[in-house]
Amino acid sequence: MPRDHEPSLNEKQFVTQALQENLRLDGRELDQYRPLELRFGDQHGVAEVTLGKTKVLARATAELTVPYPDRPLDGIFTISTELSPMASPSFEVNRPTETEILLSRLLEKTVRRSGALDTESLCLVAGKQCWSVRVDVHVLSHDGNLTDAACVAVVAALRHFRRPDTSIAQGVLTVYTPAEREPVPLSWLHSPFCVTWSFFGEEGTTALLDATWLEEQVRVGSCTFSMNQHGEICQIAKLGGVPVDAVALLQCASVSLTRVKEISDLVDRRLAEDLKRRDKGGFMAELRAENDR
Amino acid sequence: MTASSAPEVAFGVLPRADGSARYSHAGYTVLASVNGPIEAQRRDEHAYEAHVDVIVRPAAGVGGTRERHLEAILQSSLSQLILIKNFPRCLIQIVLQVENSPENDYVNTKLVQASLNFALMPALIQTAILTLLSAGVPMRATATVTAIAISHDKTIIDPSPRDVETARSVHVLAFTSQDDLLLAESEGDFTVKEWDDVYETAKKICCRPAPDGAAMQLDDDESSAAVGPDLRQFLRSMMESKVAADLHWK
Amino acid sequence: MATKHHVVLPGEPIDPSLIPTHPKHPLRLGPGLRHIPPEDIVPTVAGQLITNPAKNSMWIEYNSNRYIPSQNDLVLAQILRSTSDFYLCSLSPHTAPATLPHLAFEAATKKTRPQLSPGQLVYARVSLANKHMDPELECVHPSTGKADGLGPITGPGCAFDVSLGFARRLLMARSREEGGVGVLEMLGGEEGGGLAFETAVGRNGRVWVGSESARTVVIVGRALQETDRLGLGLEGQRKLVKRLVREIK
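Residues numbered from 1 in each chain as written. Chains lettered and ligands numbered in written order. Predicted model: local features only at pLDDT ≥ 70, side-chain atom pairs only at ≥ 80, totals over all residues. Heavy atoms only, no water.

**Some remarks on the interface of chain C and chain B**
Of the residues lining the interface, 37 residues belong to chain C; the matching set on chain B comes to 36 residues. Buried surface at the junction of chain C and chain B, both sides included, amounts to about 2900 Å², of which 57% is carbon and sulfur. A salt bridge links Glu12(C) to Arg236(B); its shortest N-O distance comes to 2.6 Å. On the surface where chain C and chain B come into contact, there are eleven residue pairs in polar contact (both at pLDDT 80 or more). Every element with two or more residues in the side of chain C that touches chain B is listed here: β5 (47-52), β11 (133-138), α1 (164-171) and α2 (175-179) of chain C. Here the side of chain C that touches chain B gets three residues from one element, more than from any other, and that element is β5(C). (Contact = heavy atoms within 4.5 Å. Buried area = accessible area lost by both parts, 1.4 Å probe. Salt bridge = Lys/Arg side-chain N within 4 Å of Asp/Glu carboxyl O. Polar contact = N/O pair within 3.5 Å; in protein donor to acceptor, adjacent residues only side chain to side chain. Helix = DSSP H or I, 4+ residues; strand = E, 2+ residues; numbered from the N terminus.)

Written out as structure tokens, the structure is:
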């Protein structure tokens, strides 16, 4: 089992000491994110998020399948997270680490359990045919704050994704290939995003956003808020670490909302830009697609 | 989607890996990272040479036997190129992540079991080589790869997924920079004569001599329309610009 | 010194006219080249071929991120754990540990040897590097018995990661003229407003920056990393230093 690289004692001491003076190693403010970038691929449903040196790729896909017998009216929606050795040689294939399990649980709670995707709309024939939507999250480079970056990637990939169009006539289901009919977007209800706080100092008095890998190694606790731009909280996860004052957490929650709004704006903007880029032919191209049939 | 789009590469995409490159050609985009030489695990340790570990990850779905097969092919070819005897008991880890592959607009693909095909292999190998170069891993030589499909007595270079589906046979050939054959993988029905033709075409694509002067250049332009982009020249010019950027202070 | 721009790729033949021929000295091959008997010299990495006819030597100049130990290199090592006779240290993440004997410190005896805890940084010299063995380190000059600035790193400060090529340039005797890095001088000089700090540059791509003031450490560390990442020239470094000093309070 390859060991994960530990930061040196000198680095650990310095990070804590500098934070007492409200200084971060990269010169950022305590509640400042690293530059967040979102890029879409040539295909629908591919989103790559860059947050400083952290890079996450998400890819959404769909296929026809049979619904679960206990939920005949719902489609299937899964998020698969795997940390490959690309992120760090200490991650092994097919051997999940704690980081990976926590990441996939958090994404599950934030995106799936909060009902961001309308799974009922994925059902085509009750109990017989439904869409199974799957998002694969690939961590390409790990420099801290995977949760926030991965969440943006998942939400952006799903909102960018187009599934094949279908129709039912006289009880016969037809699935159209992209050449026959333009694929259609998923029925999307709201966009939740994660904001992770890291706590430092003996009693966790210093709180900062978007910790780097080094800062994550030194922190005494962390807390992830998931909410959408309307301020509806999907989940709050504080897994272990030192106890943190309730008032401080409330303060964190309100700052999180402003960050979520900023992220939400960025995703909306990028999606609109991408739509414009693809829509080269404009109305005429659409007319042609109609004529094809 | 044009099948024979010009190859593109970006180095240093992943700041925390020893070497990384994103390569796209003929509609395929592959991102790769190289780490090494690092400490090998006990079970992979070899007393006299480095272990080359290749991991291929499909864009969607979990990897299966097809990926393991590709990994095995890549591992044996890359071990020939890397000077593995220089790093006993070490591990050189290459992770290849497929980001984009051209879609076949005429079929709805099943995706739970990702299916990687032959046409992907040139992109994988070329990315691996570029990434190894960017990581400064000592190598014996570089290599260039191409895929050729034969359908209805027509040879198609860099076939699209639709071409692969209709083709009678598909071949992947790689040549080292010393013009030696490094890899030859074939799939489908073909005759010895056809394979010989494929070999000659592939050699023409992979082992084009460096253009010497203006007269050569003219010749080259004419032939390049027939056999696609000059991969060897591409590899060299890309590495030249990378070295120039690294050594800007010289 | 030949400075012509010759980029070579692994396995490419080297033009024989470029190989230096000196009547007395034997030919010395540096990093990135290998000799295939009887008389072939072949590059193994992509880089620029540099020849020095005066010393009859040639090597390939290139940049990378993974440190491969070589004798007499100065490195910044991190203690992993202690055994009965030596410390095991890490030179770069995920590589086999290097050994540092308990007695390889200045004036160290069984009783007076320094007690180092895991995670501590030491500035050391590579005393043995061989591909079949784990590298060995020392913090003392073997013949004089003096530390010459080597030893455990104490005091407030932080280590920063840089590329191997940049670390090499920082270690050059005349780093400003030959390596094109003046960022440290600028930080301590007029542009940086005379920041007071000390550094220890490891050939393994780690730089330790020490100072009483945390602000100084952050400024110096960022200046180094940005210069490396963006490939700044001297003018760019001057601008960067001024901007960082202004921005970080």
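Next comes the rest of the description.
**Concerning the confidence of the model for chain B**
For chain B, the mean per-residue pLDDT works out to 84, and 85% of the residues sit at or above 70. In the model output, the complex is listed with pTM 0.92 alongside ipTM 0.91. (pLDDT = per-residue confidence, 0-100.)

**A look at the pairing of strand β4 (residues 40-43) of chain C**
Residue and element names in this part refer to chain C. Two elements, strand β3 (residues 33-36) and β4, share four bridges in a ladder whose sense is antiparallel. Note that in β4 the partner of His35 across the bridge is Ile41. Taken together, β3 and the strand that follows it, β4, pair antiparallel across an intervening segment of three residues. (Pairing = 2+ DSSP bridges.)

**Structural notes on the UniProt feature "domain: Exoribonuclease phosphorolytic" (unreviewed entry) in chain A**
All names here are of chain A. This chain's UniProt record puts "domain: Exoribonuclease phosphorolytic" (unreviewed entry) on residues 32-164 and 191-255. Counted over residues 32-164, helix gives 23% and strand 36%. Its end C-alpha atoms are 40 Å apart. The span residues 191-255 shows a helical share of 25% and a strand share of 37%, and its end C-alpha atoms are spaced 18 Å apart. (UniProt positions renumbered as here; feature names shortened; annotations may be inferred.)

**Description of the nonpolar core**
The biggest cluster of nonpolar side chains holds 60 residues, and the ones touching the most others in it are Val111(A) and Leu158(A). Among the elements that line this core, the one with the most residues is helix α3 (residues 146-160) of chain A, at eleven residues. Those residues in contact with Leu158(A) that sit more than four places away from it in its chain are Ala60(A), Phe77(A), Val111(A), Val133(A), Val135(A), Leu186(A) and Trp188(A). Counting 58 residues, the second-largest nonpolar core is a separate cluster that includes Ala32(B), Leu133(B), Ile156(B) and Val172(B). (Core = buried A, V, L, I, M, F, W, Y, C linked by side-chain atoms within 4.5 Å. Buried < 20%, exposed > 50% of the residue type's maximum accessible area, 1.4 Å probe, protein only.)

**A word on the environment of Glu45(B)**
Tracing the backbone shows Glu45(B) in the loop between β3 (28-39) and β4 (51-57). Through-space distance from the C-alpha of Glu45(B) to that of Arg89(B) is 5.0 Å; in sequence the pair is 44 residues apart.

**What to know about the sheet that holds strand β5 (residues 90-100) of chain B**
Residues and elements named next belong to chain B. What the five strands build is an open sheet, ordered β1-β2-β3-β5-β4; its pairing is mixed. Strands at the two margins of the open sheet, each flanked by one partner only, are β1 (8-11) and β4. Each neighbouring strand pair of the sheet contributes to a mean axis angle of 15 degrees, computed without reference to strand direction. As paired strands, strand β2 (residues 19-25) and β3 are joined by seven bridges and run antiparallel to one another. Residue pairing across strands places His25 opposite Tyr28, the latter belonging to β3. Packed on one face of the sheet, helix α1 (residues 65-81) meets β4 and β5 and runs near 145 degrees to β4. Across the face of the sheet, helix α2 (residues 121-135) comes into contact with β1, β2, β3, β4 and β5 while running at roughly 150 degrees to β2. (Axes fitted to C-alpha atoms, helices over the stretch in contact; angles between N-to-C directions.)

**Observations concerning the packing of α3(A) against helix α5 (residues 246-278) of chain A**
Residue and element names in this part refer to chain A. Where α3 contacts α5, the axes come no closer than 11 Å and their chain directions differ by 35 degrees. The way α3 lies across α5 gives a crossing that is right-handed. Contact with α3, carried on its side by Val152, Ala156, Arg159 and His160, involves Ile263, Val267, Asp268, Leu271, Asp274 and Arg278 of α5 and no other residues of that element. Split by residue class, the contact of α3 with α5 holds five nonpolar, one polar and four charged. (Left-handed = near helix turned anticlockwise from the far one by under 90°. Nonpolar A, V, L, I, M, F, W, Y, C, P; charged D, E, K, R; others polar.)

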